[in-house]
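# Observations on chain architecture
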Amino acid sequence: SEKTLRSRTERPIIIVPESNNSLLSITNCVSFLKDTKYIPSSSPLLQQRVNIRHQQHQEQDKNGDDHNGKKKKIITSSSTSFIIKRASKLTANKSAEFEIRSSSTFGRNTSISDWNRVSAIFVIGKQWQFKKWINGWRRPEEIFNKTAGFYLHF
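Attention here is on the structure that accompanies the text. (Residues numbered from 1 in each chain as written. Predicted model: local features only at pLDDT ≥ 70, side-chain atom pairs only at ≥ 80, totals over all residues. Heavy atoms only, no water.)

## A look at the overall build of the protein
Secondary structure assignment for the protein yields five helices and six strands. The order of α-helices and β-strands along the protein, N terminus first, is α-β-α-α-β-β-β-α-β-α-β. Out of the 154 residues in the protein, the part that is buried amounts to 37%. Sequence-distant contacts in the protein: of pairs separated by 6 or more residues, those separated by 24 or more amount to 49%. (Helix = DSSP H or I, 4+ residues; strand = E, 2+ residues; numbered from the N terminus. Buried < 20%, exposed > 50% of the residue type's maximum accessible area, 1.4 Å probe, protein only. Contact = heavy atoms within 4.5 Å.)

## Some words on the pairing of strand 4 (residues 95-102)
Two elements, strand 1 (residues 13-16) and strand 4, share four bridges in a ladder whose sense is parallel. Across the sheet, residue Ile15 finds its bridge partner in strand 4, namely Arg101. (Pairing = 2+ DSSP bridges.)

## Points about the environment of Ser95
Locating Ser95 in the fold gives a position in strand 4. Residues Ser95 and Lys85, spaced ten residues apart in sequence, show a C-alpha to C-alpha distance of 6.6 Å. Excluding residues within four positions of it along the chain, Ser95 makes contact with Lys85, Arg86, Ala87 and Ser88.

## Observations concerning the packing of aromatic side chains
Within this structure, the stated rule accounts for seven aromatic pairs. Where Phe106 meets Trp133, the ring centres are 6.4 Å apart and the plane angle is 55 degrees; that geometry is what we call tilted. Residue Phe106 is found in the loop between strand 4 and helix 4 (112-117), and its partner Trp133 is found in the loop between strand 5 (118-123) and helix 5 (140-143); the two are separated by 27 residues along the sequence. Looking at Trp133, the relative accessible area reads 1%, which means it is buried. The interplanar angle of 70 degrees and the centroid separation of 5.3 Å between the aromatic rings of Trp115 and Trp133 together place this pair among those described as edge-to-face. Here Trp115, found in helix 4, pairs with Trp133, found in the loop between strand 5 and helix 5; they are 18 residues apart in sequence, far enough to count as distant. (Phe/Tyr/Trp six-rings, centres within 6.5 Å; stacked < 30°, edge-to-face > 60°.)

## Description of the nonpolar core
What tends to happen in soluble globular proteins is that the nonpolar side chains get buried as a cluster. Judged by nonpolar contacts, Ile13, Ile15, Phe106, Trp115, Val118, Ile121, Val123, Phe130, Trp133, Ile134, Trp137 and Ile143 together constitute the single largest core of twelve residues. Secondary structure elements with two or more residues in this core: strand 1 and strand 5. The biggest single contributor to this core is strand 5, with three residues. In contact with Val123, other than residues within four places in its own chain, are Pro17, Gln129, Phe130, Phe144, Phe150, Tyr151 and Leu152. Formed by eleven residues, the second largest nonpolar core is a distinct cluster that contains Ile26, Cys29, Ile84 and Phe122. (Core = buried A, V, L, I, M, F, W, Y, C linked by side-chain atoms within 4.5 Å.)

## Describing the pairing of strand 1
Alternating positions in strand 1 separate into two faces, Ile13 and Ile15 on one and Ile14 and Val16 on the other, with burial throughout. Here strand 1 runs beside strand 5; their pairing, made up of three bridges, is parallel. From the neighbouring strand, Ile15 faces strand 5, where its bridge partner is Ile121.

Take a look at the structure:
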């Protein structure tokens, strides 16, 4: 299947909704995916974490170390994307980087190489979420034959 062929990339992309009305969005996805903690987008605690994360990023030296000599898990960030690094729980000294991107950063002008790196998509359950995407990535049945899809609700 296409999922199997696309399973290994240098830096897989995970797409999250742009909307802050979504349970998972670009503002709270790092705490969910990196720390396995769900914090609602509207939470004041989330804004504190975002501010701390940006401050820590600015404190990194050229080697990617913080001032305590520890490697950061978050390598870079912007308002529409984050790169997180996760250590392997199976193999010592191995890690993987994941690029977390807002759904608004994907459209008809997105490179094919970026589309080919998409490994997972968090959806809000609305068809319009995909309307600006390229052919072959506009219908859920096409998309989820190529990548993993997640719909969060409670």
